[in-house]
Amino acid sequence: MAYNSKLQQREKTMLSELPDEVLGHILSFFGTKCAVRTSILSKKWRNMWASVPNLYFNDENTNDELGFKTFVNRILSLHNLPNINKFHLRCCVDDFSHIERWICIALRRNVVEVDLSILSEGEEIFELPSRLFTSKTLKALTLGSNFIIHSPIAFCFPSLKFLSVHIYHPDIESMMSLFSRFPVLEDLTLDGTIGDEELKLDIIAPKLKTLTISLCTEREAESDSESEDEGGEDDGGEDENEDHNIIGGCGFYIKAPKLEIINLSVDVLSDYELKYEKLLVTANIDLYDHSASEHPTFANHASALLESVSDVKYLSLSAHCLEASCLPYFNKLKELKLVFQNCHQLESLLLDILDRSLNLECLVLDREVESCACTTQQCSENPLETLEAVPLCLTSKLKIISIIRFTGHPEEMEVMKYLLKNSLALKTTTIFAVTNNCGDAKQVQRNLCMFPRGSETCEVEFIS
């Protein structure tokens, strides 16, 4: 016991002997409450927390709203740095007056990163202070809860480079005010849930490089767990508008000439168009709702979306019931990942895309873990057997194939047999198998090894 006590005392002494700059850097990774608690260690530590540039306030572990307000007020009054790097605030309160004052204090101290999640015990929604939009030091902003904006904004976010917004049935006018003009924004993320009311956003971001949109549609009629089919039909794009492109209940006009990466995950897909220069490199598209894919306008909307990203080099695509008529030519595509659902035939969609990807070098095939509740009628004949010409990319370009969650199903085996036989430039094939037992895996591996290979240099690796 005495030895352990001496060892702990020595370690505490060694830590205290570190330079103040190093100690301050260590404390910057702590929550503010934990950092303040270190003041009891010694005289040197007493005010060390006050020189930490990051402030993290979270009331999730307390039911004492008055005590939380008192704590934040005291910390902000004693914190002695002229500049704040990060200001994170997550709380649920019944009085927003303190919240606005805290944010403004951070803004006056030239805060660089702000992360807000402000909830109310009632139905009130926090109004973002107008000073937030004109800050010349703010570079990163995260809004983790709904908000309102009452006053119009003439000049938005002169220095903001990263914006992440999470919504749940948001205030429409406030969203339109927020998403107006971003002169230097480079990364924009919008995710959450929208309702019946249509939301139209004009996003003009000349420096935007990465755009992420992940939205689901929740109808009032669906609150009692009713089918989503009716909600998908309501958003069928009946009210066409040349300037706004509808995703579910959202309309986007996006002018981003420097866009390089787009990540899109939506349930209901309607008319969609991007305005960018020929810089787009990567597109990740997930159209995950089967009922929405059965809407009469889905094919046209999917075709327009895929056409807008047809110049990418890297494409990840997951969709239900996607037909060949939806597919453009991907002349620049080098790497393709296809995530299949069990509601469409593997061979047909694969061949349709390969036939339109003339320069494809890497192919990744995967299956969705959760089976789709809807299944379409399978074709009676195998399209691999009736195909007259092999896709050009197989005979000259394709070098790498990866198969993820391979089960050894006859349909999958036919696809592998076709790819190995006709991929004349293939160098490596990696199969990640999912089987019930070791015996099944070995049998699948033996069957694969018997398939003829069009490339003499192709190496097949089987991982189970």
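These figures come from a predicted structure and were not determined experimentally.

## Description of the overall build of the chain
When helices and strands are tallied, the chain shows 15 helices and 18 strands. For the chain, with 464 residues in total, the buried portion stands at 47%. Pairs at least 24 apart in sequence give 67% of the contacts found in the chain among residues at least 6 apart. Put simply, the chain shows about 23500 Å² of open surface, and 50% of that area lies on carbon and sulfur atoms.

## Quick word on the side chain of Ser145
Along the chain, the position of Ser145 falls in the loop between β4 (140–143) and β5 (162–168). Every residue in contact with Ser145, bar those within four places of it in the chain, is listed here: Leu116, Ser117, Ile118, Leu119 and His166.

## Some thoughts on helix α14 (residues 410–422)
A rise of 1.5 Å per residue sets the reference length of α14, with its 13 residues, at 18 Å; its end C-alpha atoms lie 18 Å apart and thus fit the reference within 8%. All of the buried residues along α14 are Glu411, Glu412, Met413, Val415, Met416, Tyr418, Leu419, Leu420 and Asn422.

## Digging into the pattern of salt bridges
All chains considered together, the criterion is met by six salt bridges. Two residues, Asp115 and Arg90, come together in a salt bridge whose shortest N-O distance is 3.0 Å. Placement of the pair is Asp115 in strand β3 (residues 113–120) and Arg90 in strand β2 (residues 86–93), with a sequence separation of 25 residues. Measuring nitrogen to oxygen at the nearest pair gives 3.5 Å for the salt bridge that ties Arg367 to Glu412. Taken together, the positions of Arg367 in strand β15 (residues 362–367) and Glu412 in helix α14 put the pair 45 residues apart, joining distant regions of the chain. Assigned by exposure class, Arg367 and Glu412 land together as buried. Several salt bridges share partner residues, and in doing so they unite Arg367, Glu411 and Glu412 into one network.

## Comments concerning the pairing of β5
Here β5 shows a clear split, with Leu163, Val165 and Ile167 buried on one side and none of Phe162, Ser164, His166 and Tyr168 buried on the other. Of the strand pairs in this sheet, β4 and β5 are connected by four bridges, and their pairing is parallel. Bridge pairing in β5 places Leu143 opposite Val165. In terms of strand pairing, β5 meets strand β6 (residues 187–194) through seven bridges, oriented parallel. Counted as the bridge partner of Ile167 is Gly192 from β6.

## Here's the deal with the side chain of Thr430
One can find Thr430 in strand β17 (residues 428–433). Setting aside chain neighbours within four positions, we find Thr430 in contact with Ile401, Ser402, Ile403, Glu461 and Ile463.

## Describing the confidence of the model for the chain
This prediction gives the chain a mean pLDDT of 78; 72% of its residues lie at or above 70. Averaged over each element, pLDDT in the chain is lowest for helix α8 (residues 229–234) (43) and highest for β4 (96). Confidence drops under pLDDT 50 across residues 220–248; counting only partners more than four residues distant or on other chains, this segment forms 55 contacts.

## Section: the packing of aromatic side chains
The final tally for this structure, using the stated rule, is seven aromatic pairs. With 5.2 Å between their ring centres and 70° between their planes, Phe133 and Phe157 make a pair best called edge-to-face. Here the residue Phe133 occupies a position in helix α6 (residues 131–134), and Phe157 occupies one in the loop between β4 and β5, the gap between them amounting to 24 residues. An identical accessibility class is assigned to Phe133 and Phe157; each is buried.

## Some points on helix α5 (residues 97–108)
Helix length check: α5 (twelve residues) gives 17 Å between terminal C-alpha atoms against 16 Å at 1.5 Å per residue, within 8%. Buried within α5 are the following residues: Ile99, Trp102, Ile103, Cys104, Ile105, Ala106 and Leu107. Next to the buried residues of α5 lie α4 (65–78), β2, β3 and α6. Directly after α5, the chain includes Asn110, whose backbone phi takes a positive value near 60°.

Thresholds, definitions, all that
- Residues numbered from 1 in each chain as written.
- Predicted model: local features only at pLDDT ≥ 70, side-chain atom pairs only at ≥ 80, totals over all residues.
- Heavy atoms only, no water.
- Helix = DSSP H or I, 4+ residues; strand = E, 2+ residues; numbered from the N terminus.
- Buried < 20%, exposed > 50% of the residue type's maximum accessible area, 1.4 Å probe, protein only.
- Contact = heavy atoms within 4.5 Å.
- Areas by Shrake-Rupley, 256 points an atom, 1.4 Å probe, with all protein chains shown as cover.
- Expected span 1.5 Å × (residues − 1).
- Salt bridge = Lys/Arg side-chain N within 4 Å of Asp/Glu carboxyl O.
- Pairing = 2+ DSSP bridges.
- pLDDT = per-residue confidence, 0-100.
- Phe/Tyr/Trp six-rings, centres within 6.5 Å; stacked < 30°, edge-to-face > 60°.

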